[in-house]
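Here's the letter readout for the chains.
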Amino acid sequence: MKTCLIVDDSKVIRKVARHILEALDFSVSEAGDGREALTHCRQTCPDVILLDWNMPVMSGMEFLRALGEEPMPRRPKVVFCTTENGMAHIRAAIEAGADEYVMKPFDRETLHSKLQIVGVA
């Protein structure tokens, strides 16, 4: 079973994403901010991370940069999931190491297609 870590400060978004991912046969974990997510990744590296941009404590971009510096046997795929839709934001996310980008709000079909693009669905 593939694993996914949902990183978002919104409980509602985490709940919606969890419902979609579990229906797609993913084992799901959650983190409320980047620091919590980094701790999780150090213990158990997921196959894919669904990552929010704007969060307290450690933002999605800060997390992505920190993740890139971690010594890991394999790097998880990262799908940024955010309301930030400017080309500059998308470019910055990809340059920082994101594999894909999905806009909020998203539905099952959209998320599934992004997971297929990064090779985990």
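Residues numbered from 1 in each chain as written. Predicted model: local features only at pLDDT ≥ 70, side-chain atom pairs only at ≥ 80, totals over all residues. Heavy atoms only, no water.

## Side note on the UniProt feature "domain: Response regulatory" (unreviewed entry) in the chain
Turning to step 1, where the next piece is worked out: Residues annotated in UniProt with the feature "domain: Response regulatory" (unreviewed entry) correspond here to residues 3-119.
Turning to step 2, where the next piece is worked out: Within the segment residues 3-119, helix and strand shares are 44% and 21% respectively, and the terminal C-alpha atoms sit 13 Å apart. (UniProt positions renumbered as here; feature names shortened; annotations may be inferred. Helix = DSSP H or I, 4+ residues; strand = E, 2+ residues; numbered from the N terminus.)

## Structural notes on unusual backbone geometry
Turning to step 1, where the next piece is worked out: Backbone torsion omega between K104 and P105 reads -10°, so that peptide bond is classified as cis.
Turning to step 2, where the next piece is worked out: With a phi close to 70°, D25 is a non-glycine residue in the positive phi region.
Turning to step 3, where the next piece is worked out: Tracing the chain through its elements places D25 in the loop between helix 1 (11-23) and strand 2 (26-31).
Turning to step 4, where the next piece is worked out: The phi dihedral of V57 is positive, around 70°, even though this residue is not glycine.
Turning to step 5, where the next piece is worked out: In this fold, V57 is placed in the loop between strand 3 (48-51) and helix 3 (60-68).

## Considering the UniProt feature "modified residue: 4-aspartylphosphate" (unreviewed entry) in the chain
Turning to step 1, where the next piece is worked out: Here, UniProt's "modified residue: 4-aspartylphosphate" (unreviewed entry) annotation points to D52.
Turning to step 2, where the next piece is worked out: Looking at D52, the relative accessible area reads 4%, which means it is buried.
Turning to step 3, where the next piece is worked out: Residues within four places of D52 in sequence aside, it is in contact with V7, D8, D9, G60, F80, C81, T82 and K104. (Buried < 20%, exposed > 50% of the residue type's maximum accessible area, 1.4 Å probe, protein only. Contact = heavy atoms within 4.5 Å.)

## Some words on the side chain of D33
Turning to step 1, where the next piece is worked out: Locating D33 in the fold gives a position in the loop between strand 2 and helix 2 (34-43).
Turning to step 2, where the next piece is worked out: Although D33 lies buried, it forms no salt bridge, and the closest oppositely charged side chain, R35, sits 5.8 Å away as judged by the N-O distance.
Turning to step 3, where the next piece is worked out: Engagement of the side chain of D33 in a polar contact is seen with the backbone nitrogen of R35, the distance being 2.9 Å.
Turning to step 4, where the next piece is worked out: Apart from the residues lying within four places of it in its own chain, the contact partners of D33 are V7, M55, P56, V57 and M58. (Lys, Arg positive; Asp, Glu negative; His and termini not counted. Salt bridge = Lys/Arg side-chain N within 4 Å of Asp/Glu carboxyl O. Polar contact = N/O pair within 3.5 Å; in protein donor to acceptor, adjacent residues only side chain to side chain.)

## A few points about the sheet that holds strand 5 (residues 100-103)
Turning to step 1, where the next piece is worked out: Pairing is parallel in the open sheet, where 5 strands are placed in the order 2-1-3-4-5. Looking at which strands have only one partner, the edges of the open sheet turn out to be strand 2 and strand 5. Here the strands of the sheet are splayed against their neighbours by 20° on average, with no regard to which way each runs.
Turning to step 2, where the next piece is worked out: With 4 bridges connecting them, strand 4 (residues 77-82) and strand 5 associate as parallel partners. Across the sheet, F80 pairs through a bridge with Y101, a residue of strand 5.
Turning to step 3, where the next piece is worked out: Helix 5 (residues 108-117) contacts strand 2, strand 3, strand 4 and strand 5 of the sheet and is inclined by roughly 175° relative to strand 5. (Pairing = 2+ DSSP bridges. Axes fitted to C-alpha atoms, helices over the stretch in contact; angles between N-to-C directions.)

## A few points about the packing of aromatic side chains
Each aromatic ring pair is summarised here by two numbers: the centre-to-centre distance and the angle between the ring planes.
Turning to step 1, where the next piece is worked out: One pass over the structure, following the stated rule, counts 2 aromatic pairs.
Turning to step 2, where the next piece is worked out: Their ring planes at 45° and their centres at 6.3 Å tell us that F80 and Y101 sit as a pair that is tilted. Separated by 21 residues along the polypeptide, F80 in strand 4 and Y101 in strand 5 bring together distant segments of the chain.
Turning to step 3, where the next piece is worked out: The buried category is assigned to Y101, whose relative accessible area is 7%.
Turning to step 4, where the next piece is worked out: These aromatic residues form a ring-pair network of at least three members: W53, F80 and Y101. (Phe/Tyr/Trp six-rings, centres within 6.5 Å; stacked < 30°, edge-to-face > 60°.)

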